[in-house]
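# Observations on the model geometry
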Amino acid sequence: MGKTMMTDSKNNAPRTVHTESVADILELELDPVIHDWMALVEKQEDLMSIDLSYEDRTGHLPALLREVIARLRLDAGTKAPISLAASHHGDLRRKQGYSVAMVVEESRLLQVCLFTTLHKHTSRIEYSKLLPDVVTIADEVDAQLKQQMLRYMAANAVFGLKPN
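The shown structure was predicted, so the numbers you read here are calculated from the model rather than taken from an experiment.

### Quick word on helix α6 (residues 84–95)
Think of an α-helix as 3.6 residues a turn; residues three or four steps apart then line up on the same face. If you check α6, its first and last C-alpha atoms are 17 Å apart, about what 12 residues at 1.5 Å a residue would give, namely 16 Å. For α6, every residue scored as buried is listed here: Ala85, Ala86, Ser87, His89, Gly90, Asp91, Arg93 and Arg94. One or two steps after α6, the chain reaches glycine 97, where phi turns positive at roughly 95°.

### Structural notes on the confidence of the model for the chain
For the chain, the mean per-residue pLDDT works out to 88, and 85% of the residues sit at or above 70. Ranking the elements of the chain by mean pLDDT puts strand β1 (residues 3–8) last, at 49, and helix α2 (residues 30–41) first, at 98.

### With respect to the nonpolar core
With 34 residues, the main nonpolar core has Val22, Leu26, Trp37, Leu65, Leu114 and Ile137 as its most contacted residues. For this core, the elements supplying multiple residues, two or more each, are α1 (22–28), α2, α5 (61–73), α7 (100–120) and α8 (127–158). At 8 residues, the largest contribution of residues to this core is made by α7. Leave out the neighbours within four places in its chain, and valine 22 touches Leu72, Leu118, Ile125, Leu130, Asp133 and Ile137.

### Let's talk about the environment of valine 68
Examined against the element boundaries, valine 68 turns out to sit in helix α5. On the basis of relative accessible area, valine 68 is assigned to the buried category, the value being 1%. Separated by 72 residues in the primary sequence, valine 68 and glutamate 140 place their C-alpha atoms 6.1 Å from one another.

### Focus on the packing of aromatic side chains
Under the definition given, this model contains 0 aromatic pairs. Stacked on the ring of tyrosine 98, the Lys or Arg arginine 93 has its end atom at 4.5 Å from the ring centre.

### Considering α2
Over its 12 residues, α2 runs 17 Å from end to end, which matches the ideal 16 Å to within 8%, given 1.5 Å per residue. Of the positions making up α2, those classed as buried are Leu30, Val33, Ile34, Trp37, Met38 and Val41. Viewed along the axis of α2, the buried residues span an arc of 135°, placing them on a single side of the element. Residues Asp31 and His35 are exposed on α2 and point more than 90 degrees away from its buried face. Buried residues in α2 make contact with α1, α3 (45–48), α4 (54–58), α5, α6 and α7.

Calculation notes
- Residues numbered from 1 in each chain as written.
- Predicted model: local features only at pLDDT ≥ 70, side-chain atom pairs only at ≥ 80, totals over all residues.
- Heavy atoms only, no water.
- Helix = DSSP H or I, 4+ residues; strand = E, 2+ residues; numbered from the N terminus.
- Expected span 1.5 Å × (residues − 1).
- Buried < 20%, exposed > 50% of the residue type's maximum accessible area, 1.4 Å probe, protein only.
- pLDDT = per-residue confidence, 0-100.
- Core = buried A, V, L, I, M, F, W, Y, C linked by side-chain atoms within 4.5 Å.
- Contact = heavy atoms within 4.5 Å.
- Phe/Tyr/Trp six-rings, centres within 6.5 Å; stacked < 30°, edge-to-face > 60°.
- Lys NZ or Arg CZ within 6 Å of the ring centre and 35° of its normal.
- Arc of directions from axis to C-beta.

Below you can see the structure in the form of structure tokens.
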């Protein structure tokens, strides 16, 4: 899972520091990320104007987060698969009455939660890999958002609706 490195402490005595990958940390922190995301969502009046149960509001997150974690574990340069979970989520949110702006806001809040989680655990992350992994997370969450919007708009086109 992680690896152990030796570093010098203030008094020059060696100490052991255990580092973990960003993917491992996010996997271990999956439930807290979802809880933190929900806490942010609850502060957004527009999002809360859609009356949903906790499960209906958060049920999509484990699959989306697992896809982010899987993407972090791909070899560099490997093309990421199209997110089926994001496609489903775009359809679901349209049916639930979300506007495009609301879906975008949910995605933005997810990135905030992911980056806040990494910030809380920076002492456990191998620093040289942090920034490339942050770029990967942002790219994956944005790619998922794109897929959500494609499905959302395609469904609207079928029903002759304009995006709201």
